[in-house]
Amino acid sequence: MSPSSSCADNPVPGVPNCRTEATAAANDAKSGGIQIITIAVRDSSTDLGFLFSLNSTNLGFVTESFEEAELVTDAILGEIDIPCPPS
C-alpha cells in the first residue's frame, strides 16, 4: 500500500502514518537544499505546530481564510524566480 493511496494519522498495521511520511519527505527535501514554505488556514483542527515543523526556518504563514492563503501564495510566487508549477 503506497502512502498516496491510504494514510492514517493513528498507528494502523500496514498503513503508513501521515505525519511520519510528511516529516520524512520534508526532511529529505530540506536536506536536498529545497526550502519548504507552509501556508496554513487557521481553524479548530489545524495543527500549526506540526505544519510549522515541516517548513524551512521562518517560512511558515498562518491565514484566516483560503482567500487570504491565495494572496500569500501569490505574494510568495512573486518573490521567487520559478514558474509554478515548475515546467
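Every value quoted in this text rests on a predicted model; they were computed, and no experiment measured them. (Residues numbered from 1 in each chain as written. Predicted model: local features only at pLDDT ≥ 70, side-chain atom pairs only at ≥ 80, totals over all residues. Heavy atoms only, no water.)

Participant: Quick question: what am I supposed to make of the pairing of strand S2 (residues 60-63) here?
Facilitator: Consecutive side chains of a regular strand alternate in pointing toward one face of the sheet and then the other. Relative to S2, strand S1 (residues 38-41) is paired through four bridges, and the arrangement is parallel. In the sheet register, Thr38 faces S2, and the bridge partner there is Gly60. (Pairing = 2+ DSSP bridges. Helix = DSSP H or I, 4+ residues; strand = E, 2+ residues; numbered from the N terminus.)

Participant: Is there a simple way to explain the packing of aromatic side chains in this structure?
Facilitator: Ring pairs (aromatic) are described by centroid distance and by the angle formed between their planes. If you walk through the whole model with that rule in mind, you get zero aromatic pairs. In this structure, Arg19 packs its charged tip against the face of Phe50, placed 4.5 Å from the ring centre. (Phe/Tyr/Trp six-rings, centres within 6.5 Å; stacked < 30°, edge-to-face > 60°. Lys NZ or Arg CZ within 6 Å of the ring centre and 35° of its normal.)

Participant: Which parts of the structure should I look at to understand the nonpolar core?
Facilitator: Buried together is how nonpolar side chains tend to be arranged in soluble globular proteins. Counting residues in each nonpolar core, the largest one holds five residues, listed as Ala26, Ala29, Ile36, Phe50 and Leu54. Going through the elements one at a time, helix H1 (18-31) and helix H2 (48-54) are the ones with two or more residues in this core. Discounting residues that sit within four places of it in the chain, Phe50 has contacts with Arg19, Ala22 and Thr23. (Core = buried A, V, L, I, M, F, W, Y, C linked by side-chain atoms within 4.5 Å. Buried < 20%, exposed > 50% of the residue type's maximum accessible area, 1.4 Å probe, protein only. Contact = heavy atoms within 4.5 Å.)

Participant: Is there a simple way to think about the pattern of salt bridges in this case?
Facilitator: Opposite charge on two side chains allows them to pair when their charged atoms are near. A complete count under the given rule lists two salt bridges for this structure. Note that Asp47 is salt-bridged to Arg19, the shortest N-O span being 2.8 Å. Here Asp47 is found in the loop between S1 and H2, whereas its partner Arg19 is found in helix H1, with 28 residues between them in sequence. A salt bridge links Glu64 to Arg42; the shortest N-O distance between them is 2.9 Å. Highlighted residues: Glu64 in the loop between S2 and helix H3 (66-79) and Arg42 in the loop between S1 and H2, separated in sequence by 22 residues. The exposure class assigned to Arg42 is partly exposed, which follows from its relative accessible area of 43%. (Salt bridge = Lys/Arg side-chain N within 4 Å of Asp/Glu carboxyl O.)

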